[in-house]
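Chain residues, written in single-letter form:
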Amino acid sequence: MAEAAVPGDALRARLRTSAWLIPVVIGAVLLLPTPLFAVFLAVIVLIGAWEWVALAGVHDPAARAAGVAVLGVTLLLLWRVGAGEALLVPAALWWLGFAAALPRLHVRPAAAGVDRALLALGLPVLAAPWLALVGLHGDPAGGAMLVLGLMCLIALADSAAYFVGRRFGRHKLAPRLSPGKTWEGFYGALAAAGLALLLTGLVLRLELATTLVLTLLGVATVALSVVGDLFESWLKRRRGVKDAGALLPGHGGVLDRIDSMIAAAPIFALGLVLLGVVQ
């Protein structure tokens, strides 16, 4: 959730990229059957893995490809054994733990060589959101709309954080990791998400208790999405790079675009499972 001003050329590049990227993603969510959506999403995650391996200190193309292949095989195995829900709990615990550690987190340059712990961490961190989104998409009771709703929720929160932070931001959220983010922007994102879900519940005529629970889940999801953003900022600062990649002009790499969703998807899917909204 970036709140810093974007230079004119970078903004134009970002808008051009968004002009084709957003319709492609929405079309994939709404039009593809779940198996093909899983393949589409796997391609995105595997490109993110290519960038992740570089952040872990692996720069040899063959070695990076091997790391991506390991994740690809892992996704296939998890899909075949139906282990999606089993990975959601540890993923949610990981993000809650990282959120708790943020106030004490220091940015130190990564040690020379390969960070094997970070390499290993990439498997569950990248596999969990893929499993969460594919699992949601496959739910017979409007799974594609749940996925699209989550994406819209994160986009709304991102926009609210930007505009509220730019207008009212005074207090830095995590200056060592992302100097542009403010507490005011963070609260703006939470308020926008909560209001949107309350209105959704009223429009759909859901019971008040159901609306309130879903609103709390949405607010928690947005809060964790910010943690995912800060986690990727931490990884990049350790390596001394501005972006995880350069595939998406104006946005950076794939990880720069999906960092919020990496943390948000598991907590959102887990909450819906616990509430019995999805099977």
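Criteria and thresholds
Residues numbered from 1 in each chain as written. Predicted model: local features only at pLDDT ≥ 70, side-chain atom pairs only at ≥ 80, totals over all residues. Heavy atoms only, no water. Phe/Tyr/Trp six-rings, centres within 6.5 Å; stacked < 30°, edge-to-face > 60°. Helix = DSSP H or I, 4+ residues; strand = E, 2+ residues; numbered from the N terminus. Buried < 20%, exposed > 50% of the residue type's maximum accessible area, 1.4 Å probe, protein only. Lys, Arg positive; Asp, Glu negative; His and termini not counted. Salt bridge = Lys/Arg side-chain N within 4 Å of Asp/Glu carboxyl O. Core = buried A, V, L, I, M, F, W, Y, C linked by side-chain atoms within 4.5 Å. Contact = heavy atoms within 4.5 Å.

## Here's the deal with the packing of aromatic side chains
Any aromatic ring pair is given by two values, namely how distant the centres are and how the planes are angled relative to each other.
Consideration 1: One pass over the structure, following the stated rule, counts 13 aromatic pairs.
Consideration 2: Consider the rings of F98 and F231, whose centres lie 5.0 Å apart with planes at 90°: the pair is edge-to-face. Placement of the pair is F98 in helix α4 (residues 84–101) and F231 in helix α8 (residues 208–239), with a sequence separation of 133 residues.
Consideration 3: For F231, a relative accessible area of 2% translates into the label buried.
Consideration 4: Their ring planes at 55° and their centres at 6.0 Å tell us that F98 and W234 sit as a pair that is tilted. Of the two residues, F98 is situated in helix α4 and W234 in helix α8; the sequence distance between them amounts to 136 residues.

## Description of the environment of T210
Consideration 1: Structurally, T210 is set in helix α8.
Consideration 2: As for T210 and P109, which are separated by 101 residues in sequence, their C-alpha atoms are 46 Å apart.

## Focus on the side chain of E51
Consideration 1: Relative to the helices and strands, E51 resides in helix α2 (residues 34–55).
Consideration 2: Buried within the structure, E51 lacks any salt-bridge partner; its nearest side chain of opposite charge belongs to R64, at an N-O separation of 7.1 Å.

## Comments concerning the nonpolar core
Consideration 1: With 74 residues, the main nonpolar core has W52, W95, L126, W130, L136 and L255 as its most contacted residues.
Consideration 2: Looking at this core element by element, the count peaks at 13 residues for helix α9 (residues 254–275).
Consideration 3: For L136, the contacting residues outside a window of four places in its chain are G143, L146, V147, F268, A269, L272 and V278.

## Examining unusual backbone geometry
Consideration 1: The backbone of R205 shows a phi angle near 60°, a positive value even though the residue is not glycine.
Consideration 2: For R205, a relative accessible area of 78% corresponds to the exposed category.

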